[in-house]
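Now for the letters of each chain:
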Amino acid sequence: MNISLLRLFIAVCILFITINSVGQNNTQKKSNEDKIERILLKSENSAEDESITVDELVDNLSVLLDINRVSREQLTQLFILSPYQIESLINYRLKNGGFHSIYEIQLINGFDKKTIDRLLPYISVDNMKENFVPIKKNTRIKNELSLRYDIPLYKREGDYNSFIGPSFYTALRYNCQLKDKIEFGLVAEKDSGEPIFGLDNSYGFDYYSYYLIIKNINKFDKIFIGKFRVNYGLGLTVGTRNFGGKWNEIQSFFKDANGVSKHSSVDEYNYFRGIACIYKSGNLEITPFISHKETGGTIKENKINSIYTSGLYRTAKEIEKKNAVKQVSMGSRIAYHFSNFTLGVNGLYYYFNLPIGRSTKNYTKYDIVGNNFFNIGTDYTWYWNKVISKGELAISKSGIAVLNKIYYAPTTDWDLLFIYRYYSPRYWGFYSNAFGSQSKVKNENGYYISMQTKKFYPVEFNAYIDYSTNPWWKYRLSKASYVVDMGAEVDIPFLNHHSFNFRFSYKQFERDRTGTKGKIIDGYYLFKSRIEYHVVCNDFIELKSLGDCNWLKSLYSDIGYHFTQRVSINSPWLYLKTDFQYTYFNSPSFDTRLYIYEKGLLYNSYIPSFYGRGHRLSLNINNKPIKNITLMIKYGLTFYADRSEIGSGVNKINKRSKADLQLMGRIKF
């Protein structure tokens, strides 16, 4: 690593921190990137869910919502309003026959100035802009095309002897909308090391996603053809969309959007492929679908040994897994909406070309086995005064699952939420995705309580506590167990253009002691704290300082921490936005690993985990030379001071640093 460059970068950051106190300007609204950053850092998503989350957030934050037509789910996806505020907006609209101006939201009970300022950039009224100049309806074709190209400036072991294709990564996206009636799109991707226009990828890219959406045809709200995602109820039957996490559970109360959405992500696993529709007739809503898709898997003794979800097909061994598993799925949701009550019935049937086998390990005793399955459930939503209750009951071939949520707003300044879940160890929900402490909806009973308040406005406070038990064994734990998880957060804006955020969490869990085969169980106590300071110096310079500390206490004690400084420079006369970021990290073990958010290219988040000791530098440049063209470039460099090689296996890099260059262009026409 070039140490002189590192010292220069740190000196520049310190210089900007020193001069920020002289900058005085009005408070700027947080950009979409900042909102996405905050949500992702709290979302607790797995790596494979990340791309879906970013795609949804980018879509949700880039479209003006007509508040005379917007749904509860659409308002929830902005992560701005509480359930009480959403209900207040809906009730105001019903009682007053709609909105005539966006500024009428000042009359809604529970809407303070901070909430209004946050919401205004995302709403409209009857196709009117904020200045009340009419906007023409979409009577033309809108196209968007983007291309991304990543170049790794290093060599891995696989590049020398295993990977079949070149080391670069590339992705292409195209979306077209015709007169608010038809939308179609194409996504193509090739991962690093995969072949392109050759061998198994004779059609070019390794992965394609495509979708056609036909809108507002008689009583059909939408018809989907191609790849899509489905969510019924609270996710116990089928739920391929989920983000928010325990921190955001109040604001994402209505996120269980029942219906279908396009799959415009590069995620190669979490989708259905076929045809679906949303049919509405009065208060009745029906959402059926049928799907056939192929996915990767390992086949042993004519059984599916494992499902391959990474989407990486770089080596001969990985290519053997490609499209080995065939799945047929079909399902439907029938819901009826009363004045203050909604009742839904959900059903799902799915079939695999080969039976799923089960591991001989004890903790997998109740895992899914066989080749044809079903899930049937019923869900409800009830509105009563300041209380909203939601729940779902689902059964599978061998078990049941129950989830109930109760929200209460005693005043406009307080929001309270209680969640109870019971997921039987025997419940088989292959496509389930619902609230819980584990990635699978099974083997968990728990209680969750959360609150948030603006009583001390402009200070906001948020806290939760979650207690769950696991009746059967888990991975690395050979007995029934429990988990305690709690957290608190305070957000303090001050002096118009400064904000301070502090977050703390505590988690208590158990684990088998290594080498004892479950005869000795140890308790683990994980403390996490995060401090964030954000200042808008003026219209051109913005600073953000971050610090995390993770302390794990068990037989041993480990402490991991990082310090991150970001400098954002906006140069409107050059149509240029630049972000510099430097991180120093020090984490002795994987259990105290640190997650650090970096601004990435469009449709991409970068939240890598680090353990060890080292430095991370990144430079992100966004340029808009003309109205409809955007050019982006990102350079990242990671340097480890405590090792001479990075990674293992085919991904091993035989040096202590790695650098990447990412390029992207987008055109709208």
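To be clear, the structure that these remarks concern was listed above.
Summary of the structure given here. (Residues numbered from 1 in each chain as written. Predicted model: local features only at pLDDT ≥ 70, side-chain atom pairs only at ≥ 80, totals over all residues. Heavy atoms only, no water.)

Focus on the overall build of the chain
In terms of regular secondary structure, the chain is built from eight helices and 30 strands. Long-range pairs, those at least 24 residues apart, make up 61% of the contacts in the chain between residues at least 6 apart in sequence. Approximately 30600 Å² of the chain is accessible, and the part contributed by carbon and sulfur atoms is 58%. (Helix = DSSP H or I, 4+ residues; strand = E, 2+ residues; numbered from the N terminus. Contact = heavy atoms within 4.5 Å. Areas by Shrake-Rupley, 256 points an atom, 1.4 Å probe, with all protein chains shown as cover.)

Looking at unusual backbone geometry
Of the consecutive residues Y457 and P458, the connecting peptide bond is found in the cis state with omega at 10 degrees. Mapped onto the fold, P458 is located in the loop between β18 (444-453) and β19 (460-470). The backbone of K517 shows a phi angle near 55 degrees, a positive value even though the residue is not glycine. Following the sequence through the fold, K517 ends up in the loop between β21 (498-512) and β22 (521-536).

Things to note about the packing of aromatic side chains
Evaluated as defined, the whole model comprises 43 aromatic pairs. Note on F352 and F373: the rings are 6.1 Å apart at their centroids and 75 degrees apart in plane angle, and the pair reads as edge-to-face. Residue F352 is located in strand β13 (residues 341-356), and its partner F373 is located in strand β14 (residues 370-384); the two are separated by 21 residues in the primary sequence. Both residues of the pair, F352 and F373, belong to the buried class. Taking NZ or CZ as reference, K293 lies 4.6 Å from the ring centre of Y271, over its face. The ring of W247 carries R503 above its face, with NZ or CZ at 5.4 Å from the centroid. (Phe/Tyr/Trp six-rings, centres within 6.5 Å; stacked < 30°, edge-to-face > 60°. Buried < 20%, exposed > 50% of the residue type's maximum accessible area, 1.4 Å probe, protein only. Lys NZ or Arg CZ within 6 Å of the ring centre and 35° of its normal.)

Some words on a positive patch on the surface
Taken together, the side chains of R140, K142, K624, K627 and K668 present a region of like positive charge at the surface. Following the sequence through the fold, K627 ends up in the loop between β28 (612-626) and β29 (629-640). (Patch = residues over 30% accessible without salt bridge, like charges linked within 9 Å, V, L, I, M, F, W, Y side chains within 5 Å. Salt bridge = Lys/Arg side-chain N within 4 Å of Asp/Glu carboxyl O. Lys, Arg positive; Asp, Glu negative; His and termini not counted. Charge placed at Lys NZ, Arg CZ, Asp CG, Glu CD.)

Quick notes on helix α5 (residues 83-96)
The end-to-end C-alpha distance of α5, which contains 14 residues, comes to 20 Å, matching closely the 20 Å that a straight helix rising 1.5 Å per residue would cover. When you tally the buried positions in α5, you get 10 out of 14 residues, the bulk of the element. Of all the residues in α5, the buried ones are P83, Y84, Q85, I86, E87, S88, L89, I90, Y92 and R93. The inward-facing, buried residues of α5 abut α4 (72-76), α6 (113-119), β14, β15 (387-395), β16 (400-408) and β17 (414-423). (Expected span 1.5 Å × (residues − 1).)

A word on the nonpolar core
Here is a general trend for soluble globular proteins: nonpolar side chains tend to be buried in one another's company. Ranked by internal contacts, the top residues of the largest apolar core, which has 45 residues, are F99, I105, F111, L119, L236 and Y407. Going through the elements one at a time, α5, α6, β15, β16 and β17 are the ones with two or more residues in this core. Residue contributions to this core peak at five residues, all from α5. Not counting residues within four places of it along the chain, the set of residues in contact with F111 comprises L81, Q85, L89, I105, I116 and L119. (Core = buried A, V, L, I, M, F, W, Y, C linked by side-chain atoms within 4.5 Å.)

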